[in-house]
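Architecture at a glance
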Amino acid sequence: MRTELTYVATLPANTSTAVLVPGHEHLPEELFSQDEQEYISRQLALKSTLVTINRYTHQLYLVLTDPKRKETETQEALRKAGHALHQRLSADKVDHVVLLDGADGEASLFVAEGLVLSNYSFQRYKTEKATPPLLKSVAITGVGVSQTQVMELSHLLDAVYQTRDLINTPPNMQTPTMLSEQIQEMLQDSGVQVEVLDQVQIQSLKMGGLLSVNQASDESATFNILEWKPENATNAQPIVLVGKGVVYDTGGLSIKPTPNSMDYMKSDMSGAAAVTGTLYALAHNKVPLHVIGLIPATDNLISGKGFAPGDVITMHSGHTVEVLNTDAEGRLILADALHFAKRYNPALVIDIATLTGAAARAVGREGIVMMGTADDLLKTDLKLAGEMAHERLVEFPLWDEYQDHLKSDIADLKNIGGAEAGAISAGKFLEFFTNYPWIHLDIAGTAYLLSPDSYRGKHATGSSVRLLYHFLTSQATA
């Protein structure tokens, strides 16, 4: 269920309102009686960061927004304040709230971000005891923000909601063909053009990586091409986003353990969902940038006709790969898509994938592993966008020596390295199929959480949608 985010020019009367202040000196005295101001002062002296006043017809909330050392740290603290406010609103059964920045700044945008993302709930398949969130709408008012800013944020958060919905959808409700249909439905009337290549077209392109991973399945693979090309695009060469679309991953014959592994592998298409969500946000906010999304989609199942460790397959590029682990399947379908991307003469290609457990073990759910061949300026811009969204990037090296991890005795390369530097050897495998500026994002640690984490919630987070949106909008205005 979507939470409505709107802008209102004036503060409505008798409406539950959260007033955001960096300190008592910014308290809008006209909103509070003398007794209420004295009560607020006592609560702030006790180090309270959230003060509630019951007006009987509605509630007033005072949210302390103490600035941090860095601006991006302040913004993240505001998102977390939005999460804390959400918990209070839920307890008070508030279904509509207005946010007002008492310091006439933009704090309400970040509080709204945390508040709306905290209000997400996936209950599509509940038939009994469904408890949808009580909070139906959030409004922002005040001179520090504009309606344009609020609408831009609304579209971005809507994109994150829909990305989470795609990821949380169970695998029996999301075959590759179903995923393609869900992508088309999500982007309908957005201005994004969607082309879906079927199994025969994929075979004609000789995408050996995608076809091999798909061998064990009764469901055909798809290859999805998404294009946002506004007439006022500022870039002559497109930026291409490539998303891993493994709708369910057993590991193949190199079978995964369970629980806490195979049982949540519906999330292995989080990269595909993130690409779709990013295109949705760009299109709805009319960002003047030509962006293409490529999504190879399949499941990775087990059967007598499945590919096996020891197989040698021929990729879309014509190169051969010795398969030594069928659970290293994401890099095979991404490699075909990365080679396919060459036909667009891209200025930059970014792939997004839940690729390796090694990345998750290295940086946890707190960060995204990044590596690539793009110039330092682009990578710096992406890191800054990560700081803005608090989807922080940790860059790993791509030294030439890591290519030795992928040497095969019988093929051009093998699909897995050793136990050491597993996230990097996966990145080196992908690099082999590129000849353009390229960045790889491994979101294995951030895409799907098994326990709640503030406004990111539990299960699908929509990881990298806000990051990519901030980066791409910066490129449109660069």
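Residues numbered from 1 in each chain as written. Predicted model: local features only at pLDDT ≥ 70, side-chain atom pairs only at ≥ 80, totals over all residues. Heavy atoms only, no water.

With the rule as written, the count across this model stands at one cavity of 30 Å³ or more. Estimated volume of the largest cavity: approximately 50 Å³. Every residue lining the largest cavity is listed: Arg2, Thr3, Leu5, Val116, Ser154, Leu157, Asp158 and Tyr161. If you tally residues by element for the lining of the largest cavity, the top one is helix α4 (residues 147–168), at four residues. Of the residues belonging to the lining of the largest cavity, the class tally is four nonpolar, two polar and two charged. (1 Å grid on protein atoms, 1.4 Å probe; cavity = no way out; pocket = protein on both sides within 12 Å on 5 of 7 lines; lining within 4 Å. Points joined across faces, edges and corners; volume = space filled by probe spheres on them. Helix = DSSP H or I, 4+ residues; strand = E, 2+ residues; numbered from the N terminus. Nonpolar A, V, L, I, M, F, W, Y, C, P; charged D, E, K, R; others polar.)

The next point concerns unusual backbone geometry. The linkage connecting Thr258 with the following residue, Pro259, adopts the cis geometry, with an omega of 10°. Here Pro259 shows up in the loop between β10 (245–249) and α8 (270–284). Residues other than glycine seldom take positive phi values, yet Asn260 does so here, at roughly 60°. By secondary structure assignment, the location of Asn260 is in the loop between β10 and α8. Of the residues examined, Asn260 reaches a relative accessible area of 53% and is grouped as exposed. (Buried < 20%, exposed > 50% of the residue type's maximum accessible area, 1.4 Å probe, protein only.)

The mixed open sheet is built from six strands, whose spatial order is β1-β6-β5-β2-β4-β3. Only two strands of the sheet have a single neighbouring strand rather than two, namely β1 (4–7) and β3 (50–54). For this sheet the average axis-to-axis angle between neighbouring strands, irrespective of direction, equals 20°. Here four bridges tie β1 to strand β6 (residues 137–141), and the two strands are oriented parallel to one another. If you follow Tyr7 over to β6, its bridge partner there is Ile140. The sheet strands contacting α4 are β1 and β6, and the helix crosses β1 at an angle near 170°. (Pairing = 2+ DSSP bridges. Axes fitted to C-alpha atoms, helices over the stretch in contact; angles between N-to-C directions. Contact = heavy atoms within 4.5 Å.)

Attention now goes to the UniProt feature "domain: Cytosol aminopeptidase" (unreviewed entry) in the protein. Under the UniProt annotation, "domain: Cytosol aminopeptidase" (unreviewed entry) lies at residues 325–332. Taken end to end, residues 325–332 is 38% helix and 0% strand, and its two terminal C-alpha atoms sit 11 Å from one another. (UniProt positions renumbered as here; feature names shortened; annotations may be inferred.)

The three strands lie next to each other as β12-β13-β17, forming an open sheet whose pairing is mixed. With partners counted over all chains shown, the strands left at the sheet margins are β12 (312–314) and β17 (413–414), one partner each. With two bridges joining them, strand β13 (residues 320–322) and β17 adopt parallel strand pairing. What sits directly across from Val321, in β17, is Leu413.

Now for a nonpolar patch on the surface. A surface patch of nonpolar side chains, amounting to about 270 Å² of accessible area, comprises Leu253, Ile255 and Ile302. Of note, Ile255 is situated in the loop between β10 and α8. (Patch = residues over 30% accessible without salt bridge, like charges linked within 9 Å, V, L, I, M, F, W, Y side chains within 5 Å. Areas by Shrake-Rupley, 256 points an atom, 1.4 Å probe, with all protein chains shown as cover. Salt bridge = Lys/Arg side-chain N within 4 Å of Asp/Glu carboxyl O.)

This next bit is on the packing of helix α9 (residues 330–340) against helix α12 (residues 422–431). Orientation of α9 relative to α12, taken along the N-to-C sense of each, is 30°, at an axis distance of 9 Å. When the axes of α9 and α12 are compared, the pair comes out roughly parallel. Note that α9 runs across α12; the crossing there is right-handed. Across the interface between the two elements, Arg331, Leu332, Leu334, Ala335 and Leu338 of α9 pack against Ala426, Phe429 and Leu430 of α12. (Parallel < 35°, antiparallel > 145°, perpendicular 65-115°, else oblique. Left-handed = near helix turned anticlockwise from the far one by under 90°.)

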